[in-house]
Amino acid sequence: MLAQSLGEALPDDLVSVERDRTMSDRMRGRPGEISKIVAKLGEQQMTLAVRNGQPSAEICRAVRGVVLSRQTVPIGEWAAALASALVAYAGQNAQAAQALRKLVAGS
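Residues numbered from 1 in each chain as written. Predicted model: local features only at pLDDT ≥ 70, side-chain atom pairs only at ≥ 80, totals over all residues. Heavy atoms only, no water.

Q: Which parts of the structure should I look at to understand helix α3 (residues 75–92)?
A: Count 3.6 residues to each turn of an α-helix, and residues three or four apart come out pointing the same way. Taking 1.5 Å per residue, 18 residues should reach 26 Å; α3 reaches 26 Å between its end C-alpha atoms and fits that length. Of the positions making up α3, those classed as buried are Trp78, Ala81, Leu82, Ala85, Leu86, Tyr89 and Ala90. (Helix = DSSP H or I, 4+ residues; strand = E, 2+ residues; numbered from the N terminus. Expected span 1.5 Å × (residues − 1). Buried < 20%, exposed > 50% of the residue type's maximum accessible area, 1.4 Å probe, protein only.)

Structure representation (structure tokens):
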């Protein structure tokens with residue numbers, strides 16, 4: 001649900017979603033299970049992935065596509081950091097502000 005909401009609310013260059021597709025998924029035209037969500041907001045790159053069946057959250061500092069620091073954090077801290085980064089980004093970008101309102105309103 002998070003991947004779909006972020007993907008619909010923000011431009012494609014800010015959010016990427018990776019999926020694991022089995023052979024069965026490919027044969028039946030299914031998209032597969034989401035394995036990773038990456039949100040890039042300014043110098044922050046926030047990653048939420050599933051590893052060995054467990055969620056893993058990272059907050060990275062990236063400049064020009066190069067990750068300078070990486071920190072594994074609890075999911076709650078990751079969500080709070082994502083919300084804070086979205087608010088900061090929306091303050092600088094009118095389109096992002098509209099997308100954030102849409103994401104929060106759930107419409």
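Q: It is not clear to me how the pattern of salt bridges should be interpreted in this structure. Could you clarify?
A: Pairing between side chains of opposite charge can happen when their charged atoms approach one another. The final tally for this structure, using the stated rule, is three salt bridges. One salt bridge connects Arg61 with Glu43, and the closest N-O pair in it is separated by 3.2 Å. Taken together, the residues Arg61 in strand β4 (residues 54–63) and Glu43 in the loop between β2 (33–41) and β3 (44–51) connect sequence positions 18 residues apart. Arg61 gets classed as partly exposed once you look at its relative accessible area, which sits at 39%. Glu43 sits in the partly exposed class, given a relative accessible area of 42%. Note that Glu58 is salt-bridged to Arg70, the shortest N-O span being 3.0 Å. (Salt bridge = Lys/Arg side-chain N within 4 Å of Asp/Glu carboxyl O.)

Q: How should I be thinking about the environment of Arg70 in this particular structure?
A: With respect to the helices and strands, Arg70 occurs in strand β5 (residues 66–73). For Arg70, a relative accessible area of 52% translates into the label exposed. Along the backbone, Arg70 and Gln45 are 25 residues apart, and their C-alpha atoms lie at a distance of 9.1 Å. Ignoring sequence-local partners within four residues, the contact set of Arg70 consists of Glu58, Ile59 and Cys60. Within the structure, Arg70 has its side chain in polar contact with the side chain of Glu58 (distance 3.0 Å). (Contact = heavy atoms within 4.5 Å. Polar contact = N/O pair within 3.5 Å; in protein donor to acceptor, adjacent residues only side chain to side chain.)

Q: What's the story with the sheet that holds β2 in this structure? I'm lost.
A: Remark on secondary structure: sheet strands pair via backbone hydrogen bonds, oriented parallel or antiparallel. Read across the sheet, five strands follow the order β1-β2-β3-β4-β5 without closing on themselves; strand pairing throughout is antiparallel. Of all strands in the sheet, those with a lone pairing partner are β1 (15–20) and β5, marking the two edges. Shown here is a sheet whose adjacent strand axes are inclined to one another by a mean of 20 degrees, direction ignored. Sheet topology places β3 next to β4; eight bridges connect them, and they run antiparallel. Bridging across to β4, Met46 finds its partner in Ile59. Along the sheet, α3 makes contact with β2, β3, β4 and β5, crossing β3 at roughly 145 degrees. (Pairing = 2+ DSSP bridges. Axes fitted to C-alpha atoms, helices over the stretch in contact; angles between N-to-C directions.)

Q: What is the right way to read the side chain of Ser35 from this model?
A: Positionally, Ser35 belongs in strand β2. Discounting residues that sit within four places of it in the chain, Ser35 has contacts with Glu18, Arg19, Asp20, Leu48, Ala49 and Val50.

Q: Please explain the pairing of β4 as it appears in this structure.
A: In regular strands, side chains alternate between the two faces of the sheet. Where β3 folds back onto β4 in an antiparallel hairpin, the turn is made up of two residues, including Asn52, whose phi is positive at roughly 55 degrees. In this sheet, β5 lies alongside β4 in antiparallel orientation, the contact comprising seven bridges. Within β5, the residue paired with Arg61 across the bridge is Ser69. Linking β4 to β5, which pair antiparallel, is a turn of two residues; within it Arg64 sits at a positive phi near 50 degrees.

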